[in-house]
Every structure is written in C-alpha cells, then in structure tokens.
Amino acid sequence: MTAPDLDCDVLIAGAGPTGLMLANWLVKLGVRVVVADAKDGPTRESRALVLQARSIEIYDQLGLAGKVLAAAQRAEALVPGFGSRVYGRIPLGPLGAGLTPYPHIEVLEQSRNEQILYENLRALGGKVRWGEEVTELSTTDSGISAVIGAQTVTARFCVGADGANSIVRRSRDIAFEGVTNPHQFYVIDATSVAGLVDRAINVRPGGTDFLLGFPMVGRNNWRLIGLIRDDDGDGKLSEDDARSRLRSDFAVTYTASRWFATYRVHHRVAAAFRDGPYFLAGDAAHVHSPVGGQGMNTGLQDAHNLAFKLADVLHGRAGDAWLDRYEAERRPVARTLVATTDRLFGAITSEGRRAQTLRRLVVPLAAPIGVRVLPRSGSGSRLFQYVSQTRIRYPMLPGEPRDRVVGRRLPWTGANHESLREAQWQIHAYGQVTPPANLDLPLQTFAPAPAFEPDILYLVRPDGFVAAAAPPSQAAEVFRQAMPPGWP
C-alpha cells in the first residue's frame, strides 16, 4: 500500500519520453510520483523520431493519439534503393490494414513527444523537477532514499529512465552487456532536401556506405543518417564530410541543417531490469541502432507495462512479486530487438570485402522483388507486425500452450480497443457468452471476429494484453490464476 510517511510512491529519474510516459500513467492511476531531470526542460534536439503503431495505440489509451497524429509527418511507404538508385515503393497502409487503427509509421521527433507528454502530465496535476539531477541512491527499510539537488527524497520505488549512462543502473552495479559498433555515424536534420522519394522512409545501402532518410514535418525537411568518415583529411568529422558523401554516393543534396551530430551505435541490454525497489526502463535498460525505428517505442512500452504493475502493487491489488513480471516480459523483448538490430546493422555497415560484395549483388536483385511481392503476401503483413511492435508476446500462465491471442496485445477488431481507455482489468466476449458470476470485472461484448472464438471469454489486462482465455465454465479458475495473487 502507499506509505504516507514517504515523499512519494515512485521516484522517476529522467524525463525523456520513457520517464514522461511512465509519469503520465502513474499520475493518471493515482500514484504519487516525483520526476527529476538534470535538463532545464524538454529536449530541444529532435533525436529519436519514429512512432510505430503500438506506441500510438498507447497514446490513444492515454487520450493523446489525436494530438500526436496532428503533430506528426506520416511515412506512407518504404522505398528501398542502392546508392543513387530507387527500386519502387512498398506502401505501408496495406501491410497493416485490419491489424491496427494506425497502419503507417509516423515521424515525430523525440522533442515533440516530450512536449506533448509534459503538457499532458501538467494537465493531470503532475510536474517535473527540471535542472535537478539524482546524484545518490540508497536502499531503506521502506524503499529508497535519493539525493536530488540539495534535497533528500524518499520513495517506495525508483525507476531509472535516465538514459544509457543511467545513475540508477550504475548505482546498483547492474552490468550493461553488449558491444559498440566500430563506425561513427552522422545524424542531420536537413532542409530543402533533394534526391529522396517524398513521404516515405528511404533505405539505401551502398557498397561502403548506407543512408536512411526519414521525412519530417515541413516541405522537404528530412532526417538523414549514415556513416561518416574524414573524407577531406582535416582530422575532423564535420558536416561537410557527410554532405559530400551524400552527394557523391546517393545523389542527395540539401541547403542547410537544423541539427548535426555524430555518434557511435551501441547494442547493449542491462543484465537485470529489476533490483529490489529499483527498475530500469528505456535507454537505461537497452540501447541499439536506429535501424527499424524501434528505440523510443520500446522505451514507451517499457513505461506502459511497468506503470500498471506498480499501480496494482501500490494500491494493494497485488503483492511485490507481481513486479517481477516486468523483467520477465520486457527484457526478452529488448534482447531480441538488440540481437536483431545488431545483426542487421552489422550486415549493412560491415566493411569486409565479402559483405560489400553481397550488398552490391543481393540488394539490386532482392529489392525489386520485395517491392512487388511484399504488398501481396502474408510475409508483408508479418513484417509490419514485427516492425510496428504489435506482434510482441509475453509469457502468461506457466506451461500454457502457445496461443494466437493469449500473451499478445489485444487483436484489433475495429471497435474493441476503445474499452482499453478505461485502463482496467476486463473480460471480453466476441459473441453471446455468459460471464462467470464470481468474477467482479467489467464485461465488454463485441460482434464475432475472426481472431476470437465465439464461445470463449478473454481476460484483458489494463495494458491491453490478453492474459487468459477460457470457456465460461472454467473462466473463474483460469482467470484468477492469470491475475495478481490475492486480487480482491
């Protein structure tokens, strides 16, 4: 239960997208939070910028999808190429049709995500202690104690959403396992860009280089990402080095930039996402390459997953062991994602002669085939589900057989996601099914749908994942096993 003698229930270190999403949900769920960040306000640089379908579904559950979509630039297609050549368009809408209300990729920079989340947090009555960094952490009998600026703050739990150099992770001596790519990369937010296919994500590997182009809000504004080398031999990695390579290798030009930076890509996952009252989320827990536009989305979904578990425990609906499910569910997602992007990024950036030869031979052959085949095949739909993060599956009941619905985010039928805005445990029926009398949960009844059995009841968690399925005669027993032990 919440402890009134503590300054708050949850201390959140870091007010990036992950920390702000977590704070929004916790405040909405009636949890007392303190959010602290060393920055003087929301991020000004664009940084991460892709929102996948599952993240927009989370925003919808929070009541913010409309605001997010109004601020975003839609990417309607994926455009593969090689060097300066383009091999056609793969429309994203048909790949995700019928799977989600948001069958595209939306480009909305991290800074704008933070602004939207911060404004909503303030509307909910929350705030952020900007310019105040968490500098010390210690464990107490009732939770944790932290030094923030010149003040000591006590809390039941602490969540490190404070980035790759997380003070929370380092204070708990949690290993950050993985590798660092040997190359350096550039990121440019460029204006008046020419040479890219409009309103699409342009993916262009080359023999010794690669280019990712993301359309941004504003005419001919683009995010450009690629390898950077000291081409002019001045001993510095400058924007001129990137600009000349863009022009010579990809026939892409631009007039000016709003942001230029260089960085190295890390592929790392924390050895643990929970250590007693401490939790890690977002970049504090996992970092990886920009390939696939997954990073910010994974952090937002970490926050969403953890918020409901913390609220259930703090409001006395679940015991402390319920929080172990956060690591059990989210760490495998991070490990799979990091391993996948590491392999893909390695294949794209490897300077080995064999890898370069394969890129020169395979991409020009495979890309045109993919443009023709993917929109018309089931593999295109599966690819969309993986990239959009709507195909994630969590383990639910021990020893349960693999199920096409249980353990996954609730399949969308056109209307059933509206009930998720209630943010509570609920039972769904897709047909005329009598609910068990001894389970005091709201029942939502919908028209029959292909993904669901008409004579089965489905237990849906507050985060939108299906926890269990059973016929009415067995539902009470099965559902109680899937819910937190001791649920009232």
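A brief report on the enclosed structure follows. Here the structure is a predicted model, which is why all the values come from computation and not from measurement.

**Quick notes on helix α12 (residues 472-482)**
- If you check which residues of α12 are buried, you get A475, A476, V478, F479 and A482.
- At its buried positions, α12 is contacted by β21 (426-430), β23 (457-460) and β24 (466-470).

**Concerning the nonpolar core**
- Ranked by size, the top nonpolar core spans 139 residues in total, and within it L11, L310, L459 and F479 carry the most contacts.
- Per-element accounting of this core gives the leading share, 10 residues, to helix α8 (residues 295-314).
- Formed by 14 residues, the second largest nonpolar core is a distinct cluster that contains V193, L196, L246 and F250.

**Side note on the sheet that holds strand β22 (residues 443-446)**
- Overall, mixed pairing links the four strands, which are arranged β22-β21-β23-β24 in an open sheet. Looking at which strands have only one partner, the edges of the open sheet turn out to be β22 and β24. Taking each pair of neighbouring strands and ignoring which way they run, the sheet shows an average axis angle of 25 degrees.
- Pairing of β21 with β22 involves four bridges; the strand directions are parallel. Bridge pairing links Y430 to F446 in β22.
- Lying on the sheet, α12 is in contact with β21, β23 and β24; it crosses β24 at an angle near 155 degrees.

Cut-offs applied
- Residues numbered from 1 in each chain as written.
- Predicted model: local features only at pLDDT ≥ 70, side-chain atom pairs only at ≥ 80, totals over all residues.
- Heavy atoms only, no water.
- Buried < 20%, exposed > 50% of the residue type's maximum accessible area, 1.4 Å probe, protein only.
- Helix = DSSP H or I, 4+ residues; strand = E, 2+ residues; numbered from the N terminus.
- Contact = heavy atoms within 4.5 Å.
- Core = buried A, V, L, I, M, F, W, Y, C linked by side-chain atoms within 4.5 Å.
- Pairing = 2+ DSSP bridges.
- Axes fitted to C-alpha atoms, helices over the stretch in contact; angles between N-to-C directions.

In short, the description is geometric, and any link to function would need to be established separately.
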